[in-house]
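Structural description and commentary
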Amino acid sequence: MNQTNQRVSWLGVGRMGEAMAERLLAGGVGVQAWNRSPDKVAGLVAAGATLLASPALSDAPVAFSMVLNDEALDALWQADDGILAGARPPDVWVDCSTVSPAASQRAADAAAARDVAFVCAPVSGNPLVVRSGNLIFAVSGPPAGVATATPLLRHIGRAVHVAGRGHEARVVKLCTNLVLAVLTQALAEALVLGQSHGVRRAALMEFINDSAIGSPFTRYKTDAFVRLDLEPAFTPEGQRKDLRLALRLAAEHEVPMGVSSATEVEFSRLVASGLGEGLDFASLVLLAARDAGIAIEPEHD
Ligand SMILES: NC(=O)c1ccc[n+]([C@@H]2O[C@H](COP(=O)([O-])OP(=O)(O)OC[C@H]3O[C@@H](n4cnc5c(N)ncnc54)[C@H](OP(=O)(O)O)[C@@H]3O)[C@@H](O)[C@H]2O)c1
C-alpha cells in the first residue's frame, strides 16, 4: 500500500532494479514498474507495484531508471514510447545505471528539452547489499532535482554522496568500480598463489578479512572465492563494461592506467574462455587457477 502519497515510475527491473524498487515499495512509495522484458516485473507487481506498459504512459512526478549500459540509457529516451515521449513526462528523472558521462549528458540534454531535471545517481553495492539496506549513491545534477531525489534515495539506500552539479557522479562510480575490479583480480592471483604453496583459500581469506585491507567487499566475496559460490551478483561482462568506460575516460585525458588496463585484459580472457559464463565476476579465480595449472575445487569446512 502507498503510505506516503509519493509516486514514482521505475524503469529497468533487472537484478539491481528489482531489489531497489522493492525498497521503495517497502518504504510506502507507490511504484509504477516497467521493464523491456515485461515478465521480470511480476515479482514487483506481487509486492504492490503497478505494471507500466511503457515509460511514456507514466504520470509519476519522479522517474527512476536502472538499466544495463549506455545503449540501454539511450533507448530509454530515444524510443517512441520512451520516458520523455509521453503527455506528462516526469519533473525529475533519476538514473542509477552505470554509464558514461557522455551518455548521461545526452540523456540530460534530451530531458532538459522537456523541462525534466536529470539526476545522476549511480550506486555502489549489489542486490544483496541493496536488500540489507547498505546501498550507497553517488549523486550529481541540478540542485533542485537532487533535493527531490534525495529522500527517495534514502528509502533505497543508507547514504547519498553529492559529487557535483553535472555528471561527476558517473566518474566517481567508474573510479570506484575500477578499484573493485583490480582488487578482485589481485585477490584471485593471491588465492591461487597461496593454494600453489599449500595454503587453503579459507585460511588466506580469514587473514585478509582481519587485516587492514579486509573490507565489506572482501568479506562478502569470501564464499565466492572459498566455496566457489559464484552465483552472479554482477557478471564478468558487466564489470568489464565498467572498466572499459573508465579506460575510455582515461584515454580522453591521457591518464596512463597500467594496472586497470591489465585487469581489463584478464576480464576479456575470462569472458572469451567461457569460464565465467553465467557466473559472478569473482570467477576470475577460476581463470587464475587454470593459468597456473592448478585444480580448484570448492572448499567446505
Ligand atoms: N549487479 C550489481 O552488482 C551492480 C552493482 C552496481 C551497479 N550495477 C549497475 O546497475 C545496472 C544494472 O545492472 P544489473 O546487474 O541489474 O543488470 P541486469 O540484471 O542484467 O539488468 C539489466 C537491465 O537493463 C535492461 N536493459 C538492457 N538493455 C536494454 C535496452 N536496450 N533497453 C531497455 N532496457 C535494457 C534489462 O532489461 P531486460 O530484462 O529486458 O534485458 C534489465 O532491466 C548496470 O548499469 C550495472 O553496471 C550493477
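Here we summarise the structure given alongside this text.

Parameters and conventions
- Residues numbered from 1 in each chain as written.
- Predicted model: local features only at pLDDT ≥ 70, side-chain atom pairs only at ≥ 80, totals over all residues.
- Heavy atoms only, no water.
- Near = heavy atom within 4 Å.
- Polar contact = N/O pair within 3.5 Å; in protein donor to acceptor, adjacent residues only side chain to side chain.
- Areas by Shrake-Rupley, 256 points an atom, 1.4 Å probe, with all protein chains shown as cover.
- Helix = DSSP H or I, 4+ residues; strand = E, 2+ residues; numbered from the N terminus.
- Buried < 20%, exposed > 50% of the residue type's maximum accessible area, 1.4 Å probe, protein only.
- Phe/Tyr/Trp six-rings, centres within 6.5 Å; stacked < 30°, edge-to-face > 60°.

Details of the site of the ligand
Around the ligand sit 25 residues, and of these Asn 35, Ser 37, Lys 40, Ala 233 and Lys 241 come closest. In this structure, an oxygen atom belonging to the ligand sits 3.3 Å away from a main-chain N or O atom of Gly 14. For the ligand, an oxygen atom lies 3.0 Å from a polar atom in the backbone of Thr 98. Within the complex, the protein chains bury 89% of what would otherwise be the 900 Å² of accessible surface of the ligand.

A closer look at the environment of Leu 128
The residue Leu 128 is located in helix α5 (residues 127-131) in this model. In this structure Leu 128 comes out as exposed when scored by relative accessible area, which is 68%. Separated by 109 residues in the primary sequence, Leu 128 and Ala 19 have C-alpha atoms spaced 8.2 Å apart.

Points about unusual backbone geometry
For Asp 115, which is not a glycine, the phi torsion comes out positive at approximately 60°. Counting through the fold element by element, Asp 115 comes out in the loop between α4 (101-112) and β6 (117-120). Positive phi, close to 60°, is recorded for Leu 228, a residue that is not glycine. Classification of Leu 228 as buried rests on a relative accessible area of 17%.

So, the packing of aromatic side chains
Taken as a whole, this structure holds 6 aromatic pairs when the rule is applied. Here the aromatic rings of Trp 93 and Phe 118 are separated by 4.9 Å at their centres, their planes lie at 90°, and the arrangement is edge-to-face. A residue pair is termed long-range when its members are at least 10 positions apart, and Trp 93 in strand β5 (residues 92-95) and Phe 118 in strand β6 qualify at 25 residues. Of the residues examined, Trp 93 reaches a relative accessible area of 0% and is grouped as buried. Centroid distance Phe 217 to Phe 281: 6.4 Å. Interplanar angle 10°. Geometry classified as stacked. Of this pair, Phe 217 sits in helix α9 (residues 216-220) while Phe 281 is found in the loop between α12 (258-273) and α13 (284-292), placing the two residues 64 residues apart along the sequence. The same class applies to Phe 217 and to Phe 281, which are both buried. Grouped by ring-pair contacts, the aromatic residues Phe 217, Tyr 220, Phe 234, Phe 267 and Phe 281 constitute a single cluster.

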